[in-house]
Amino acid sequence: MAAEGGGKEMNEIKTQFTTREGVYKLLTHSEYSRPNRVPFNSQGSNPVKVSFVNVNDQSGNGDRICFNVGRELYFYIYKGVRKAADLSKPIDKRIYKGTQPTCHDFNHLTATAESVSLLVGFSAGQVQLIDPIKKETSKLFNEERLIDKSRVTCVKWVPGSESLFLVSHASGNMYLYNVEHTCGTTAPHYQLLKQGENYSVHTCKSKSTRNPLLKWTVGDGALNEFAFSPDGKFLACVSQDGFLRVFNFDAVELHGVMKSYFGGLLCVCWSPDGKYIVAGGEDDLVTVWSFLDCRVIARGHGHKSWVSVVAFDHYTTSVEESDPTEFSGSDEDFQDQMIHFGRDRADSTRSRLSKRNSTDSRPASVTYRFGSVGQDTQLCLWDLTEDILFPHLPLSRTRTHTNVMNAASPAAGAAVITNTSSSTTNGNGNAGGATLPGVNALSTALPRSNSLPHSANNTNKAGGGGGGIMDSAIATGVSKFATLSLHDRKERHHEKDHKRNHSMGHISSKSSDKLNLLSRTKTDPAKTLGTLLCPRMEDVPLLEPLICKKIAHERLTVLIFLEDCLVTACQEGFICTWARPGKVGLLSSQNQASSPSGTVV
């Protein structure tokens, strides 16, 4: 939780930090907040969230920022590292009664200098469509709360669409809406469309088309956040039951599953190329999951409390592909199999996600940069590098080829790469036995080893023939998964195994423990620790943050990477801009004398 006040901790607030790129500096004059700059009393209020949009106006200053603080919603011109913020002139300000804004999202397709479409979700369950430039409120969805009465946890426009948007609730349900349709005057009736392991999808049953078009019920407990893949075809959801579930959005199929070390998952994001997903939550960890291999490839430990936001830095992430066409999709007309739902995607950038398979060559060099902020008021930056992504290839002299279940006596401090899932299935199975569309190259009967071409052999060597036992145990576990209820939080015996500071020197690796735990999941579904869904701490690399800095007095709720800066926000309602190295320019010297003192007071 947020640190309590005190003389020492006042001095701990950092205003700059250094990475290999250089020095990131806090721009005190570019701080956004409520006009009076008074800290917001955040007790019992919803998290402060920030949304950006570029309206492409002629002045060259087309960035706009929206943020919520308590019952208030603000819309400003965002001047970033260029000019000081002028809080006296919001473009739009709204104060709500009886409910609070919880989240919001701009439609980047339709944004112009004269009009923007902003969706706002509320604590009572409604969703509002507003235009803060025209100062109009065009529509209110779920107005009578007939669709869902619980808090809106996340709202996003469907990528490539001008009219479709997706809303998740604390009830664990997600709804697909079309802005052109009404919500009706009665509670909707639903008809089952598809059902799988711990999820179901229903269509709205009515004579005329109405909202919601689809109702998703996912997992157990609140659905805390979701994120679309860069190509818009896949959807990653994180829930209070501790599960990350990745769906093929158009086909309504489950692609893969991951379980947190313990507790709920609160946030999720995709790498720029769609190959990796990072999730964070109540286990204080950031977990990196491979979309292609459907397995955990690393965990990061740096936070001292719940991780509230994770985000990739598209501008620092560097991937030099041996195949230059890897990320450059070709435009094609999107053939939508759910055309009757009103999808109006014009052109879709075709992703190569589903066409990649285990024969792909690895990039010449790769570094993914991502960040996280948490309730411990700390900002962490992480690098995901080749030695983690491709541990079985001769990339680094400092790392040895450690087989899967043969990590005997690692030297203290040595990061030994172990991997229990390199030759196994994605751990989710398909209740209907059907092959997931677009990922048939990753059939559950085949080794899933895009980056680990020799891992199947290594598994058998390391286990001394135990690979067959692993495969059969996993296959049995997968077939049973649809009937398991994995939410019995009272029996989470592994909570007591969690240590605040994991020491690499005290990690043990016992193959028998893994096999026993894996086979036990057939009869004890609540205990997923040690399985493909949730590997043990010693079974995957443990990342250390590049930097871990306390940057606020209250818990952090926002982390957004922009071209010239990164943006953070805390629950007191202060939105801070951190200039990237070399991006401060003349602004700091011009405004230093007249800029407000301090950042978070």
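Computed from a predicted structure; not experimentally measured.

Peer 1: Help me out: how do you make sense of the sheet that holds strand β5 (residues 72-77) in this one?
Peer 2: Overall, antiparallel pairing links the 4 strands, which are arranged β3-β4-β5-β6 in an open sheet. Each end of this open sheet is capped by a strand with a single partner; those strands are β3 (50-54) and β6 (92-95). Taken pair by pair, the neighbouring strands of this sheet meet at an average axis angle of 15°, ignoring direction.

Peer 1: Mind showing me how you'd approach the side chain of S372 here?
Peer 2: As for its placement among the helices and strands, S372 is situated in strand β29 (residues 365-374). A distance of 2.9 Å separates the side chain of S372 from the side chain of W382, its partner in a polar contact. Every residue in contact with S372, bar those within four places of it in the chain, is listed here: V286, H303, V307, V309, V310, Q378, L379, C380, W382 and L559.

Peer 1: I'm lost on the sheet that holds strand β15 (residues 199-204) in this one. Help?
Peer 2: Strands belonging to one sheet form pairs held by backbone hydrogen bonds; the direction of such a pair is parallel or antiparallel. The 6 strands are arranged β11-β12-β13-β16-β15-β14 in an open sheet whose pairing can be described as antiparallel. Of all the strands in the sheet, just β11 (152-157) and β14 (190-196) have a single pairing partner and so form its edges. Recorded for the sheet is a direction-independent mean angle of 20° between the axes of neighbouring strands. For strand β12 (residues 164-169) and strand β13 (residues 173-178), the ladder comprises 5 bridges, and the chain directions are antiparallel. When the bridges of β13 are listed, L164 appears paired with N178.

Peer 1: Would you mind showing me how to read the packing of aromatic side chains here?
Peer 2: The description of an aromatic ring pair uses the distance of the two centres, along with the angle that the planes make with each other. Inspection of the entire model under this criterion finds 26 aromatic pairs. Ring geometry for F75 and F106: centres 5.8 Å apart, planes at 50°, overall tilted. Placement of F75 in strand β5 and of F106 in strand β7 (residues 101-106) is noted, with a sequence separation of 31 residues between them. The exposure class of F75 is buried, given its relative accessible area of 2%. Residue F106 is classed as buried on the basis of its relative accessible area of 1%. Relative to F249, the ring of F228 has its centre 5.2 Å away and its plane inclined at 90°; by these criteria the two rings are edge-to-face. Of the two residues, F228 sits in strand β17 (residues 223-228) while F249 sits in the loop between β19 (243-248) and β20 (253-259), which places them 21 residues apart along the sequence. In this pair, the class of F228 matches that of F249, namely buried.

Peer 1: Looking at this model, I keep getting lost on the pattern of salt bridges. Mind explaining?
Peer 2: Opposite charge on two side chains permits pairing when their charged atoms draw close. On inspection of all chains with the given rule, the structure shows 13 salt bridges. Two residues, K194 and E253, come together in a salt bridge whose shortest N-O distance is 3.3 Å. Of the two residues, K194 is situated in strand β14 and E253 in strand β20; the sequence distance between them amounts to 59 residues. We classify K194 as partly exposed; its relative accessible area is 26%. We note a salt bridge from D564 to K583, for which the minimum N-O separation is 3.7 Å. Taken together, the residues D564 in the loop between β33 (556-561) and β34 (565-570) and K583 in the loop between β35 (575-579) and α6 (587-591) connect sequence positions 19 residues apart. Sharing partners across several salt bridges, the network here consists of R20, E21, R369 and D383.

Peer 1: Explain the confidence of the model for the protein chain to me, please; I cannot follow it from the model alone.
Peer 2: Segments scoring low in pLDDT should not have their predicted coordinates read at a detailed level. Predicted confidence across the protein chain gives a mean pLDDT of 75, with 65% of residues reaching 70 or more. In this model residues 322-360 is a low-confidence stretch, pLDDT under 50, and it forms 85 contacts with partners more than four residues away in sequence or in other chains. Scored below 50 in pLDDT, residues 588-601 makes 24 contacts in the model with residues more than four places away or belonging to other chains.

Peer 1: Explain the pairing of β11 here, please?
Peer 2: Within a regular strand, the side chains alternate between the two sheet faces. Within β11, 5 of the 6 residues are buried, leaving the element largely enclosed by the surrounding structure. With 5 bridges joining them, β11 and β12 adopt antiparallel strand pairing. Bridge assignment links V152 to a residue of β12, and that residue is H169. Between β11 and β12, which follow one another and run antiparallel, lie 6 residues, and G160 among them has a positive phi close to 80°.

Peer 1: Honestly, unusual backbone geometry in this entry has me stumped. Any pointers?
Peer 2: Among all residues except glycine, the phi angle is most often negative; among peptide bonds, the trans geometry is most common. Here N211 and P212 are connected by a cis peptide whose omega angle stands at -5°. Tracing the backbone shows P212 in the loop between β15 and β16 (214-218). Non-glycine residue C294 carries a positive phi angle of around 55°. With respect to the secondary-structure elements, C294 resides in the loop between β23 (285-290) and β24 (295-301). Given a relative accessible area of 3%, C294 falls into the buried group. Phi angles above zero are rare outside glycine, and T377 is one such case at about 65°. Within the fold, T377 resides in the loop between β29 and β30 (378-385). Residue classification places T377 among the buried residues on the basis of a relative accessible area of 0%.

Peer 1: Any chance you could explain the pairing of β35 here in plain terms?
Peer 2: In terms of residue burial, β35 counts as a mostly covered element, since 5 of its 5 residues are buried. Here β35 shows no split at all, with I575, T577 and A579 on one side and C576 and W578 on the other all buried. The pairing of strand β2 (residues 22-32) with β35 spans 4 bridges and is antiparallel. The residue bridging L27 from the neighbouring strand is T577, located in β35. Taken together, the 5 bridges between β34 and β35 define a ladder with antiparallel strand orientation. Residue pairing in the sheet places V567 in a bridge with T577 of β35. With antiparallel pairing between neighbouring strands as the criterion, β34 and β35 make up a hairpin whose turn holds 4 residues, including G573 at a positive phi of roughly 95°.

The rules behind each value
Residues numbered from 1 in each chain as written. Predicted model: local features only at pLDDT ≥ 70, side-chain atom pairs only at ≥ 80, totals over all residues. Heavy atoms only, no water. Pairing = 2+ DSSP bridges. Helix = DSSP H or I, 4+ residues; strand = E, 2+ residues; numbered from the N terminus. Axes fitted to C-alpha atoms, helices over the stretch in contact; angles between N-to-C directions. Polar contact = N/O pair within 3.5 Å; in protein donor to acceptor, adjacent residues only side chain to side chain. Contact = heavy atoms within 4.5 Å. Phe/Tyr/Trp six-rings, centres within 6.5 Å; stacked < 30°, edge-to-face > 60°. Buried < 20%, exposed > 50% of the residue type's maximum accessible area, 1.4 Å probe, protein only. Salt bridge = Lys/Arg side-chain N within 4 Å of Asp/Glu carboxyl O. pLDDT = per-residue confidence, 0-100.

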